[in-house]
Amino acid sequence: MDKLSSFTRFKASCPFLGRTKTSTLRTLSTSTSARFPSLSGLTERATKCPVMGPALTARSKELVAGYASFAGKADVDKIHKEQGVSVPAGATIEMCPHATAARAAARMAEDLSAAAKIKAKQDAVKKVKVESAAAGCPFHQQAAAAKPKVAAPGTFDYEAFYVNELDKKHKDASYRYFNNINRLAAKFPVAHTGEVKDEVEVWCANDYLGMGNNPIVLETMHRTLDKYGHGAGGTRNIAGNGAMHLGLEQEVAALHRKPAALVFSSCYVANDATLSTLGTKLPGCVFFSDSMNHASMIQGMRHSPAKRVIFKHNDMEDLENKLKQYPKETPKVIAFESVYSMCGSIGPIKEICDLADKYGALTFLDEVHAVGLYGPRGAGVAEHLDYDAHKAAGENPDPIPGSIMDRVDIITGTLGKAYGAVGGYIAGSDDFVDMIRSYAPGFIFTTSLPPTVVAGARASVAYQKAFVGDRQLKQVNVREVKRRFAELDIPVVPGPSHIVPVLVGDAALAKAASDKLLSEHNIYVQSINYPTVAVGEERLRITVTPRHTLEQMTKLVSAVDKIFTELKINRTQDWKALGGRAGVGILGAPETVDPMWTDEQLGLLDGTTPKTLRSGEKAFVDPTAASVARARFNKLLGPVEEPHAVLKSTGLAGLKLQTGIGAAKPASEEVQIPRAPPAVAASA
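Our subject in this report is the structure included herewith. Since the structure is predicted, the reported quantities are computational estimates derived from the model, not experimental observations.

**Brief notes about the overall build of the protein**
Line of reasoning, step 1. Scanning the protein for helices and strands turns up 28 helices and 14 strands.
Line of reasoning, step 2. Of all 684 residues assigned to the protein, the portion counted as buried reaches 47%.
Line of reasoning, step 3. Looking at the protein as shown, the accessible area adds up to about 33200 Å², and 56% of this sits on carbon and sulfur atoms.

This is the structure:
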């Protein structure tokens, strides 16, 4: 059945044969299946066909009834004797054509039966997955209900094209499933799924500090909503340029000690719009891009006519060798990140600034995964590298000459991660920001962010500038989770940042691990696969926050350990035996990397480190930072009375939630907190 003299006569009647090259079919028919040695590759494929599958199952039964059953009933020695066959000493079954054929038939029957059982099992699993995915993912819901659209004769079959492209993603296990996860303000980091009563612990959100439900932020948004309504009313040029937007830009400019800033709808848009504009306007511009840069930066550079030169990740020798090839007067932009979010490495900012000065280049630093998380005021890694100087400078918005943050020309950041809001921004010189404002289509033609969002973002930035405790506690918790994983030989890609990338090394296994964590342990950690990371470096990217409790950490580590065992996922020692991958188990490489935050910066030396929460404990709300954030809105929203202010509880210690007109919301749970010191300067 595996020998076909010609495939062409079958192509018209079989979709698989019809779209497969004849050379490929011949290769399949002459190669042996890796899983079923008695079958060809083509026969194994055929067992999955809705037509050929049942036919092959029937054929396997015929084989059993033929050669296989005959061999089972008759005594082979008796057959030899009757046929006058003399069996030499040491002869094996392979020497007898009858017995060999019978055994081969039996094996083929077994393999066909096994293939049919695997197909049935896969179909059952696929049905469950599709039904489960359809319950939580709108794309699957629509696909399950949709009827295929048939293309008109002679026209391009668009729907078939879409299906074919999606099929590629399913085959390489890189298809992305969107889980229905609804984070609960009163229970952070807990969320409910598509079923409201089905609650899970979230371990992969980018709301790094829990500011998405900080009570001061929510209060500010409520007050702004009452006064200014929901939408912005248009682009920044048409009714969407309000005092809230200008105030936020002033806030982030001061955060980075830069003269100006510009807010975008997201940092993806900020990076895309800024880099594409620079590459278009700078004459003969050449981009030098780190090989691990985010897609937003890559797309921004591609959207301009400028040449793009890629240097090896964090490799200063390679970068300099490439810079040398261009005249000093040629406009150049070195684009890189401070924290690379999928591996946790830190960009060598000072060294890149040195090369930029030497070769006449601009520096473009993406601090998306660092703002709010590093530095005494949360300005990012560039600030953190001169920690003491920036701490001493306090809220002075002027640059610190010679500091690394001052040497960086362009800084981009997000409001959608550590600050818990949405939006992105750039910060730099007055003229640079004004040029992007005047030329970038991604800014000019985009509807402005709603005033409520902008106000909440500014309150979040202001709060974090005044309170370092959330940053400290996050880093303490990250250290603890990494330590526990190391004790269990669970492979974490080494890095000095807050990122906890648990290496799996296989797309299907990573997805299976994520699914099991969710379904069996009520822990949500999304798997990361290609193209976000390289094929073979798939991982679980775990986010530890200051709001995760000690008990939740214990549960997470135990669940990951159990699933690694159940799915037989490689541990650190296994990767070492294989030569290492993605920084894990590399011979001669350090297994751990010193963290960015020192013990002194974390308060471990003087005992000022915030304590990890235990189950049932409330997160701390700093009264001084609360007053600083509230004061930013005195002019627009009016001051908030805080005699012994109490806040409507969102699962936190709270201050009194006040909305725009001045009426306080009734508190469902009130917790007294200390009043802030009186010497707090208010600003508009």
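**Topic: the side chain of Ser-448**
Line of reasoning, step 1. Structurally, the position occupied by Ser-448 is in the loop between helix H20 (441-444) and helix H21 (451-466).
Line of reasoning, step 2. Classification of Ser-448 as buried rests on a relative accessible area of 8%.
Line of reasoning, step 3. The residues touching Ser-448, leaving out its near neighbours within four places in the chain, are Ala-232, Gly-234, Thr-235, Arg-236, Gly-240 and His-245.

**Notes on the packing of helix H11 (residues 243-255) against H21**
Two quantities define a packed helix pair, namely the angle between the axes and the distance from one axis to the other.
Line of reasoning, step 1. For the pair H11 and H21, the least separation of the axes is 9 Å and the interaxial angle reads 25°. Taken together, the axis directions place H11 and H21 in an arrangement best described as roughly parallel. Handedness of the H11/H21 crossing: left-handed. Mapping the contact onto sequence places Met-244, His-245, Gly-247, Leu-248, Gln-250, Glu-251, Ala-254 and Leu-255 in H11 and Pro-451, Val-454, Ala-455, Ala-457, Arg-458, Val-461, Ala-462 and Lys-465 in H21.
Line of reasoning, step 2. In terms of residue class, the contact of H11 with H21 is built from 10 nonpolar, three polar and three charged.

**Brief notes about the pairing of strand S10 (residues 424-428)**
Line of reasoning, step 1. For S10, the buried fraction is high: five of the five residues fall into the buried class.
Line of reasoning, step 2. Alternating positions in S10 separate into two faces, Gly-424, Ile-426 and Gly-428 on one and Tyr-425 and Ala-427 on the other, with burial throughout.
Line of reasoning, step 3. By the bridge criterion, five bridges tie strand S4 (residues 260-264) to S10 in an arrangement that is antiparallel. Within S10, the position partnered with Phe-264 by the bridge is Gly-424.

**What about the packing of aromatic side chains?**
Line of reasoning, step 1. The full count for this structure, using the stated rule, is nine aromatic pairs.
Line of reasoning, step 2. Seen in terms of ring centroids, Tyr-175 and Tyr-177 are 5.0 Å apart; in terms of plane orientation they differ by 75°. Their pairing is edge-to-face.
Line of reasoning, step 3. Note on Phe-467 and Phe-620: the rings are 5.8 Å apart at their centroids and 55° apart in plane angle, and the pair reads as tilted. Placement of Phe-467 in the loop between H21 and helix H22 (469-487) and of Phe-620 in the loop between helix H26 (599-602) and helix H27 (623-631) is noted, with a sequence separation of 153 residues between them.
Line of reasoning, step 4. For Phe-467, a relative accessible area of 12% corresponds to the buried category.
Line of reasoning, step 5. Here the aromatic cluster, defined as three or more aromatic residues joined through ring pairs, consists of Phe-156, Tyr-158, Phe-161 and Tyr-162.
Line of reasoning, step 6. In this structure, Arg-458 is placed above the aromatic ring of Phe-633, and the distance from its NZ or CZ to the ring centre is 5.8 Å.
Line of reasoning, step 7. It is Lys-511 that lies over the ring of Tyr-177; its NZ or CZ is 4.3 Å from the centre.

**Here we look at the sheet that holds strand S11 (residues 500-503)**
Line of reasoning, step 1. Ordered by their spatial adjacency, three strands build an open sheet running S11-S14-S13, and the pairing between neighbours is antiparallel. Both outer strands of the open sheet, S11 and strand S13 (527-528), are each paired with one neighbouring strand and no more.
Line of reasoning, step 2. As judged from the two bridges shared by S13 and strand S14 (residues 539-542), these two strands associate in the antiparallel manner. Across the sheet, Ile-528 pairs through a bridge with Arg-539, a residue of S14.
Line of reasoning, step 3. Sheet strands touched by helix H23 (residues 507-521): S13 and S14. Its angle to S14, the strand with the most contacts, is close to 45°.

**What to know about unusual backbone geometry**
A negative phi angle is the norm for most residues apart from glycine, just as the trans form is the norm for most peptide bonds.
Line of reasoning, step 1. Of note, the amide linkage connecting Phe-188 to Pro-189 takes the cis form, showing an omega dihedral of 10°.
Line of reasoning, step 2. In this structure, Pro-189 sits in the loop between strand S1 (182-183) and strand S2 (190-192).
Line of reasoning, step 3. Cis rather than trans, the peptide bond between Tyr-530 and Pro-531 has omega equal to 10°.
Line of reasoning, step 4. Its location among the elements puts Pro-531 in the loop between S13 and S14.
Line of reasoning, step 5. A positive phi is found at Arg-257, a non-glycine position, where the angle reads about 50°.
Line of reasoning, step 6. By the secondary structure assignment, Arg-257 is in the loop between H11 and S4.
Line of reasoning, step 7. Here the phi dihedral of Asn-314 falls at roughly 55°; this positive angle occurs in a residue that is not glycine.
Line of reasoning, step 8. Tracing the backbone shows Asn-314 in the loop between strand S6 (307-311) and helix H14 (316-323).
Line of reasoning, step 9. Asn-314 gets classed as partly exposed once you look at its relative accessible area, which sits at 24%.

**Focus: the packing of H14 against helix H15 (residues 349-359)**
Line of reasoning, step 1. The interhelical angle for the contact between H14 and H15, taken along N-to-C directions, is 15°, at an axis separation of 11 Å. The angle between H14 and H15 falls in the class roughly parallel. Of the two possible hands of crossing, H14 and H15 adopt the one that is right-handed. Contact residues: H14 offers Met-316, Leu-319, Glu-320 and Leu-323, while H15 offers Glu-351, Ile-352, Leu-355, Lys-358 and Tyr-359.
Line of reasoning, step 2. For the contact of H14 with H15, the class distribution of residues is six nonpolar, no polar and three charged.

**Comments concerning the sheet that holds S6**
Line of reasoning, step 1. One open sheet accounts for seven strands, arranged S4-S10-S9-S8-S7-S5-S6; its pairing is mixed. Both edges of this open sheet fall to S4 and S6, since each of them pairs with a single strand only. Strand-to-strand twist of the sheet, defined as the mean angle between neighbouring strand axes without regard to direction, takes the value 20°.
Line of reasoning, step 2. With four bridges joining them, strand S9 (residues 410-414) and S10 adopt antiparallel strand pairing. The residue of S10 that forms the bridge with Thr-412 is Ile-426.

**Considering the pattern of salt bridges**
Line of reasoning, step 1. Evaluation of the coordinates by the stated rule reveals 30 salt bridges.
Line of reasoning, step 2. The closest approach of N and O atoms between Glu-395 and Arg-377, which form a salt bridge, is 3.6 Å. Placement of the pair is Glu-395 in the loop between helix H17 (387-393) and helix H18 (404-407) and Arg-377 in the loop between strand S8 (361-366) and helix H16 (381-384), with a sequence separation of 18 residues.
Line of reasoning, step 3. Relative accessible area serves as the criterion here: at 4%, Arg-377 is assigned to the buried category.
Line of reasoning, step 4. Here Asp-515 and Lys-511 are joined by a salt bridge, their closest N and O atoms 2.7 Å apart. Taken as a pair, Asp-515 and Lys-511 lie in helix H23 at a separation of four residues, close to a single helical turn.
Line of reasoning, step 5. Taking relative accessible area as the criterion, Asp-515 reaches 27% and is therefore assigned partly exposed.

**Quick look at the nonpolar core**
Line of reasoning, step 1. Membership of the largest hydrophobic core comes to 77 residues, with the highest contact counts inside it found for Phe-288, Leu-319, Ile-334, Ile-349, Tyr-374, Val-381 and Leu-415.
Line of reasoning, step 2. It is H21 that provides the largest number of residues to this core, a total of seven residues.
Line of reasoning, step 3. Excluding anything up to four places from it in sequence, Ile-334 contacts Phe-288, Phe-311, Leu-319, Leu-323, Ile-352, Ala-356, Ala-361, Leu-362, Thr-363 and Phe-364.
Line of reasoning, step 4. Within the second largest apolar cluster, 25 residues are counted, among which are Val-492, Val-504, Ala-559 and Phe-564.

What counts, and at which threshold
Residues numbered from 1 in each chain as written. Predicted model: local features only at pLDDT ≥ 70, side-chain atom pairs only at ≥ 80, totals over all residues. Heavy atoms only, no water. Helix = DSSP H or I, 4+ residues; strand = E, 2+ residues; numbered from the N terminus. Buried < 20%, exposed > 50% of the residue type's maximum accessible area, 1.4 Å probe, protein only. Areas by Shrake-Rupley, 256 points an atom, 1.4 Å probe, with all protein chains shown as cover. Contact = heavy atoms within 4.5 Å. Axes fitted to C-alpha atoms, helices over the stretch in contact; angles between N-to-C directions. Parallel < 35°, antiparallel > 145°, perpendicular 65-115°, else oblique. Left-handed = near helix turned anticlockwise from the far one by under 90°. Nonpolar A, V, L, I, M, F, W, Y, C, P; charged D, E, K, R; others polar. Pairing = 2+ DSSP bridges. Phe/Tyr/Trp six-rings, centres within 6.5 Å; stacked < 30°, edge-to-face > 60°. Lys NZ or Arg CZ within 6 Å of the ring centre and 35° of its normal. Salt bridge = Lys/Arg side-chain N within 4 Å of Asp/Glu carboxyl O. Core = buried A, V, L, I, M, F, W, Y, C linked by side-chain atoms within 4.5 Å.

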